[in-house]
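Spelled out from the first residue to the last, the chains are:
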Amino acid sequence: MATIVGGLATSHTPSIAYAIDTQKPDNPVWAPVFEGFAPVRAWLEKKKPDVLFYVYNDHVTSFFFDHYSNFALGFSDTFAVADEGGGPRPLPAINGHPALAKHIANSLVADEFDLSLFQAKGLDHGVFSPLSAMLPHEHGWPTAMVPLQVGVLQFPIPTARRCFALGRSLRKAILSFPDDIKVAIVGSGGLSHQVSGERAGFNNTEWDMEFLELLEKDPERLTKLSISDFAKRGGLEGAEVIMWLIMRGALTPKVKKVHQSYAIPTMTATGTVIYEDVPEADETQAVEAYAAKTRREYDGVAELEGSYPFTLDRSSRAYRLNRYLHGIIQPELRGRFLYDREGSYVRGELSEEEKDMLRRLDWRALIRYGVIFFILEKLAAAVGTTNQHIYAHMRGESLEDFQKTRKNAVLYSVAGTHKAKAKADKKDATGKHPRPKSP
């Protein structure tokens, strides 16, 4: 079973990256920052975690306000360094741990934490600024990562209470993961600072010290504070320290403080802490009950005959093809697909297997491969066929036989012009809109 080797928290200001990339460790302005990270680096070298569960917020880099979630969990194979406007920092991508990420996702959702899930997104300075101070990376990162993006920029943001509760659930999720791996929990953000408005430049060392004391010894008192309290005491952006409570919630009620540092080199009060568990009771029963609750939600779904649940495994496997076909909703990409199929496949970097399924419009093969049905009906609308043709093909029936099973033998699609029936009834003369072949 997985184990938690401890938790650490760190500020994630871009000034850390600036110091690492441009300054010497003995520079008097930045020396306290380098000194604060040295014990963190040594602790990680000693503990050698296989995975960092890393709590951060994106800074309107990979996430925008067309869809902004309170909690978004990453489950990619790798996570690249995001470009924040001037080109990405010259750092290697870090490996993800999809198996652990998917286990945590299933567990937290079963425990009623409603997550968004993401893949194929870069991580910005919220991750890589402190990470480059915490770990060697000249030849690649020595550990994998599961990132959790917390939506602390657009109000309403999660409460401190909710973050701490998520951490408690996260602990059981990790401890119930069956593989023998070591996990370290990382909270990031803070400490006191404000970078927007006339209050820009605000710091509050007295509050930072109180926060760190309570985080270690009485984190539940912090959960009673409102977001307004955090913003008043630590700055509007400084309220992001609620992310440290996810890390703290994932540890035992009592912890051993291994390290703590604090400095204000420029705009942001920059701190690091390391905590280790102080076990007080056997958690085995609680973890087993938690795992049973997760299994109860999903066991048997994959065994439903003739059904292909769109799991995270299927989502990641068919991500490229689903993304390519989703482009059909854009007129320009739809035109390329309809009138230059082969060129469109090349630009989409599709595999030969994927190209073959599309050439044949093999709806059943596509659904089995991992293309979600609601992408298939967009493809059907584009090529001029109907949903009923897809249903019949997936069932291994002719359209005529399938329609006999319906109360009313209608044909429809999601085509906005409602011309799908007319196109579907035409014979394939040009090859531009081929009809699906019956199996």
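How each quantity is defined
- Throughout, a residue's number is its position along its own chain's written sequence, starting from 1.
- For a predicted model such as this one, the threshold for reporting local features is a pLDDT of at least 70, and the threshold for listing and counting side-chain atom pairs is 80 or more; totals across whole chains, interfaces and linings nevertheless cover every residue.
- To obtain the side-chain values, all non-hydrogen atoms of the structure were included, while hydrogens and water were left out.
- Points on a 1 Å grid over protein atoms alone make up a cavity when a 1.4 Å probe fits among them but cannot get out, and a pocket when they form an open set with protein on both sides within 12 Å along at least five of seven lines; lining residues each have an atom within 4 Å of a point.
- Grid points are joined across faces, edges and corners, and a volume is the space filled by probe spheres set on the points.
- Secondary structure elements follow DSSP: runs of H or I of four or more residues count as helices, runs of E of two or more count as strands, with numbering from the N terminus.
- We call a residue buried when its accessible area falls under 20% of the maximum for its residue type, exposed when it is over 50%, and partly exposed in between, using a 1.4 Å probe and counting protein chains only.
- Whenever two N or O atoms come within 3.5 Å, that pair is a polar contact, provided that in protein one can donate a hydrogen and the other can accept it, and provided that, for residues adjacent in sequence, both atoms are side-chain atoms.
- Whether two residues are in contact is decided by their heavy atoms: any pair within 4.5 Å suffices.
- You can read pLDDT as the predictor saying how much it trusts each residue, on a scale of 0 to 100.
- For salt bridges, the criterion is a side-chain nitrogen of Lys or Arg within 4 Å of an Asp or Glu carboxyl oxygen.
- We call a set of buried residues a nonpolar core when its members are Ala, Val, Leu, Ile, Met, Phe, Trp, Tyr or Cys and they connect through side-chain atoms within 4.5 Å of each other.
- Within this analysis, patches are made of residues with over 30% relative accessible area and no salt bridge. Like charges are joined at 9 Å or less; nonpolar side chains (Val, Leu, Ile, Met, Phe, Trp, Tyr) at 5 Å or less.
- Areas reported as accessible are Shrake-Rupley estimates using a 1.4 Å probe. Residue values count occlusion only from the protein chains shown.

### Focus on the layout of surface pockets
1) Next: When its volume is computed, the largest pocket comes out at roughly 770 Å³.
2) Next: Around the largest pocket, the lining is made up of 26 residues, and of these Lys102, His103, Asn106, Tyr298 and Thr311 lie nearest the centre.
3) Next: Mapped onto the lining of the largest pocket, the elements with two or more residues apiece are helix H3 (98–110), helix H10 (284–298) and helix H11 (312–317).
4) Next: Looking at which element gives the most residues to the lining of the largest pocket, the answer is H3, with seven residues.

### Thoughts on the side chain of Ser132
1) Next: Mapped onto the fold, Ser132 is located in helix H4 (residues 125–134).
2) Next: When its relative accessible area of 3% is taken as the criterion, Ser132 is described as buried.
3) Next: Looking at Ser132, its side chain comes within polar contact range of the main-chain oxygen of Phe128, at 3.0 Å.
4) Next: In this structure, Ser132 is in contact with Ile20, Arg41, Arg89, Leu91, His137 and Trp141, ignoring residues within four places of it in sequence.

### Some words on the confidence of the model for the protein
1) Next: For the protein, the mean per-residue pLDDT works out to 94, and 95% of the residues sit at or above 70.
2) Next: The low-confidence segment residues 420–439, where pLDDT is below 50, has 44 contacts with residues more than four positions distant or belonging to other chains.

### Topic: the pattern of salt bridges
1) Next: Enumeration according to the criterion identifies 21 salt bridges in this entry.
2) Next: Glu332 serves as the salt-bridge partner of Arg336, at 2.9 Å between the closest nitrogen and oxygen. Highlighted residues: Arg336 and Glu332, both in helix H13 (residues 331–339), separated by four residues, approximately one helical turn.
3) Next: Residue Glu332 is classed as exposed on the basis of its relative accessible area of 56%.
4) Next: A cluster of three or more residues bridged by salt bridges with shared partners is formed by Arg171, Asp277 and Glu283.

### Some thoughts on the nonpolar core
1) Next: With 61 residues, the main nonpolar core has Phe53, Phe211 and Phe230 as its most contacted residues.
2) Next: Ranked by residue count, the leading element in this core is helix H5 (residues 160–175), at eight residues.
3) Next: Grouped together as the second largest cluster of nonpolar side chains are 32 residues, Tyr56, Phe79, Trp141 and Met145 included.

### Quick word on a nonpolar patch on the surface
1) Next: Taken together, the side chains of Val60, Phe64, Phe65 and Leu153 define a hydrophobic patch exposed on the protein surface, amounting to about 340 Å² of accessible area.
2) Next: Positionally, Phe65 belongs in the loop between strand S2 (51–56) and strand S3 (71–74).
3) Next: Take Phe65: its relative accessible area is 36%, and that puts it in the partly exposed class.

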